[in-house]
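So you can see what is in the structure, the chains are spelled out below.
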Amino acid sequence: VSTQSTGLQQSIFNRRIMQAGKDYYAVLKVSKTATPDEIKKAYKKMALKWHPDRNPDNKKVAEEKFKEVAEAYEVLSDPKKREIYDQYGEEGLKAGGGGGGAGPGGFEYRNMNDEQARKIFENLFGMFGGGMGGMGGGMGGMGGMGGMGGMGGMGGMGGQRGAQGMGGMQFDDDDFSFFNFGPRQRRKPESTTIRLELSLEELFVGCTKKLKVHIENSPDKTYTVDVKAGWKKGTKIRFPGEGERGGDLVFMIDEKPHPYLKRDGNDLIYSARITLKQALTGFNISFPTLDGQSLKIEVREVVKPGYVKVIPGAGMPISKSPGQRGDLRVSFDIDFPDYLSQEQKDRIKQTL
């Protein structure tokens, strides 16, 4: 009778323990029959979801979730811990461990802290140094993990679209956009940039340029660049993979100085030199335009220092808005006489 009573009490005790504590399977969103690979895959997914660096607006909750996910993985990835957990639950692990001592499987059970959670993440994702930020400081190097059972080192990181997951998992670039992979990150070769100097006339009407380029360890090649009317200095024409060491070949537009016009965005600026008499009484000026025409400007107003006359639609073509052009801005440089006779001064006084 005593043996039966003891067995019944132990059974009741075990059921009570199983009803208490965390459901690690639910934390990782896996079934109780999940394989080790399925558990590892689930951990990686949930760890990325709840990493504090990815949840800056909800960091405290994320930190707790991140630790909870790591704790679930630590238990379920260790065969001995998982066996005890499946029989007795989380409280069974604690009770069997005697409040933090050695448990039935000969391991030490501890509540997960920030440092342990980070180390689990580092080990599975192959992080070495790097500034993770996150939970109270940058991630350290790979460290030993108490209670992790037979968990060995993870494979190195490859690169699919910039990053490949460990253990066969693959992730998009987005998954690792907040990590610093240092030298492990695949870098695109630098572009080979060649300056293409064009006159304002060529940029005004558009043109086609054929350019022979020599790339190291490659035969010379001729490239055709169709310059659109209105392109600006700094515009880049890119030929992917045609540059040095597999980088891009880039032609960058530059503008040659013009003898009498300056460019300001889509506008053209012309400076006209006039006499004081012209400034006071009016005048006509004309000059050749960039397309070979002649533009006549009539000025009837009094020209004061700093005055600018704007001719709408007489500037550069706007490449992104076909049929539209910027303005022509005409400024004036007034020549004042070095000397006036008394008679001239008197006449000016009478007139003004």
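Fair warning: this is a prediction, and the values are worked out from it, not measured in the lab. (Residues numbered from 1 in each chain as written. Predicted model: local features only at pLDDT ≥ 70, side-chain atom pairs only at ≥ 80, totals over all residues. Heavy atoms only, no water.)

S.K.: Could you give an account of the packing of aromatic side chains, with specific residues and numbers?
M.R.: Counted under the stated rule, the structure contains 12 aromatic pairs. For the pair phenylalanine 239 and phenylalanine 251, a centre-to-centre distance of 5.8 Å together with 85 degrees between the ring planes defines the contact as edge-to-face. Separated by 12 residues along the polypeptide, phenylalanine 239 in strand β4 (residues 236-239) and phenylalanine 251 in strand β5 (residues 249-255) bring together distant segments of the chain. Relative to tyrosine 270, the ring of tyrosine 260 has its centre 6.2 Å away and its plane inclined at 85 degrees; by these criteria the two rings are edge-to-face. Taken as a pair, tyrosine 260 in the loop between β5 and β6 (261-264) and tyrosine 270 in strand β7 (residues 267-275) lie far apart in primary sequence, 10 residues in all. Judged by relative accessible area, tyrosine 260 falls into the partly exposed class, the value being 28%. Note on tyrosine 270: relative accessible area 15%, which makes it buried. Among the aromatic residues, ring-to-ring pairing joins Tyr24, Tyr25 and Tyr85 into one connected group. (Phe/Tyr/Trp six-rings, centres within 6.5 Å; stacked < 30°, edge-to-face > 60°. Helix = DSSP H or I, 4+ residues; strand = E, 2+ residues; numbered from the N terminus. Buried < 20%, exposed > 50% of the residue type's maximum accessible area, 1.4 Å probe, protein only.)

S.K.: Can you explain the pattern of salt bridges? Please cite residues and give values.
M.R.: Within the structure shown, the criterion is met by 18 salt bridges. One salt bridge in this structure joins arginine 273 and aspartate 333, with 2.7 Å as the shortest N-O distance. Here aspartate 333 lies in strand β11 (residues 328-335) and arginine 273 lies in strand β7, a separation of 60 residues in the sequence. Relative accessible area serves as the criterion here: at 59%, arginine 273 is assigned to the exposed category. In this structure, aspartate 335 engages arginine 273 in a salt bridge whose closest nitrogen and oxygen atoms are separated by 2.8 Å. Taken as a pair, aspartate 335 in strand β11 and arginine 273 in strand β7 lie far apart in primary sequence, 62 residues in all. Accessibility expressed as a relative area gives 31% for aspartate 335, which makes it partly exposed. Connected through salt bridges with shared partners, the residues Glu64, Lys67 and Asp114 form a single ionic network. (Salt bridge = Lys/Arg side-chain N within 4 Å of Asp/Glu carboxyl O.)

S.K.: Got a sec to walk through the sheet that holds β4? Specific residues and values, please.
M.R.: Here we have three strands laid out as an open sheet, ordered β1-β5-β4, and mixed in their pairing. Looking along the sheet, the strands with just one partner apiece sit at the ends: β1 (192-198) and β4. For this sheet, the mean angle separating the axes of adjacent strands, direction not counted, is 25 degrees. Bridge analysis of β4 against β5 gives four bridges, and the strand direction is antiparallel. The residue of β5 that forms the bridge with arginine 238 is valine 250. (Pairing = 2+ DSSP bridges. Axes fitted to C-alpha atoms, helices over the stretch in contact; angles between N-to-C directions.)

S.K.: Residue-level account of the environment of isoleucine 274, with values.
M.R.: Note that isoleucine 274 resides in strand β7. Residue class for isoleucine 274 comes out buried when judged on its relative accessible area of 2%. Residues isoleucine 274 and aspartate 333, 59 residues apart in the sequence, show an inter-C-alpha distance of 6.2 Å. Contact partners of isoleucine 274, with chain neighbours within four places excluded, come to Ala279, Phe283, Val303, Phe332, Asp333, Ile334 and Asp335. (Contact = heavy atoms within 4.5 Å.)

S.K.: Provide a residue-level description of unusual backbone geometry, including the pertinent values.
M.R.: Phi angles above zero are rare outside glycine, and lysine 29 is one such case at about 60 degrees. Looking at the secondary structure, you find lysine 29 in the loop between α2 (24-28) and α3 (36-50). Take lysine 29: its relative accessible area is 60%, and that puts it in the exposed class. With a phi angle near 65 degrees, asparagine 217 is a residue other than glycine that sits in the positive phi range. Within the fold, asparagine 217 resides in the loop between β2 (207-213) and β3 (221-227).

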